[in-house]
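Working through the structure, step by step
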Amino acid sequence: MTHEGIRFASREQQQRESAENRPLSRIAVTPDKVRVLLTEGKGLEIDWKDGHRSAWSFAWLREACPCATCIEQRAQEGRKPGQPKPKPTNLLPMYTAPAKPKSAQAVGRYAIQFNWLDGHSGGIYSWEYLRRVCQCGECTFESAEPSGTPN
Ligand SMILES: [Zn+2]
Ligand SMILES: [Zn+2]
């Protein structure tokens, strides 16, 4: 009997995958209040039915666009949702305005869509996707990769 060819995922990896794919209860992915802070240019805030509260900046949301093109681009560049593109170091820094949407609209009862000022609008941000990428301290701590003990 040989174990050749069998690969064991590390414990951390298994935990991380289960955290990313864990089933969410219905109330956890149902928004109670949705605030798009367009005029302030701040971002999106959602109060969920289960009492949880999430907030994202527009810049973060633009880099987390869930359309096929952006997902593929992020995969190629090894970026996580919301992670900005690395700045080229060999060029003079150019000012680029932070991403902002012109408008936002509900998509059925399950998602929100942004019309970004750069012309992009293909991403449909489902409530479930947004809940899974919640940026609050609690959620990012849960899904954080284990790192060395900070001193
Ligand atoms: Zn996109
Ligand atoms: Zn959270």
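Structure: above.
Read on for an overview of the structure.

About the thresholds
Residues numbered from 1 in each chain as written. Chains lettered and ligands numbered in written order. Predicted model: local features only at pLDDT ≥ 70, side-chain atom pairs only at ≥ 80, totals over all residues. Pairing = 2+ DSSP bridges. Helix = DSSP H or I, 4+ residues; strand = E, 2+ residues; numbered from the N terminus. Axes fitted to C-alpha atoms, helices over the stretch in contact; angles between N-to-C directions. Core = buried A, V, L, I, M, F, W, Y, C linked by C-beta atoms within 7 Å. Buried ≥ 20, exposed ≤ 12 C-beta atoms within 10 Å, placed from the backbone. Contact = placed C-beta atoms within 7 Å.

Quick look at the sheet that holds strand β2 (residues 43-48)
Read from one edge of the open sheet, 3 strands run β1-β2-β3, paired in antiparallel fashion. Of all the strands in the sheet, the pair left with one neighbour each is β1 (31-36) and β3 (53-57). Pairwise comparison of adjacent strand axes, ignoring direction, gives a mean angle of 10° for this sheet. Examined bridge by bridge, β1 and β2 share 5 bridges and lie antiparallel to one another. Of the residues in β2, the one forming a bridge with K33 is D47.

Regarding the nonpolar core
Ranked by size, the top nonpolar core spans 15 residues in total, and within it L44, I46, L61, A64, L130 and V133 carry the most contacts. Elements with a contribution of two residues or more to this core: β2, α2 (58-63) and β5 (111-116). Sort the elements by how many residues they give to this core and β2 lands first, with 3 residues. Not counting the four nearest positions on each side in its chain, L61 is found in contact with G43, L44, W56 and F114.

Considering helix α3 (residues 68-77)
Among the 10 residues that make up α3, 0 are buried, leaving the element largely open to the surroundings. Looking one or two residues beyond α3, the residue adopting positive phi is G78, at roughly 65°.

A few points about the sheet that holds strand β6 (residues 124-126)
Overall, antiparallel pairing links the 3 strands, which are arranged β4-β5-β6 in an open sheet. Among the strands making up the open sheet, the edge pair consists of β4 (101-107) and β6. Taking each pair of neighbouring strands and ignoring which way they run, the sheet shows an average axis angle of 25°. Both β5 and β6 contribute to a ladder of 3 bridges, which runs antiparallel. Residue pairing across strands places Q113 opposite I124, the latter belonging to β6.

A short note on the pairing of β3
Inspection of the sheet shows β2 paired to β3 by 5 bridges, in the antiparallel sense. Across the sheet, the residue bridging to E45 is A55, located in β3.

Details of the environment of G119
Position of G119 relative to the elements: it lies in the loop between β5 and β6. Taking the C-alpha atoms as reference points, G119 and P101, 18 residues apart in sequence, are found 9.0 Å from one another.

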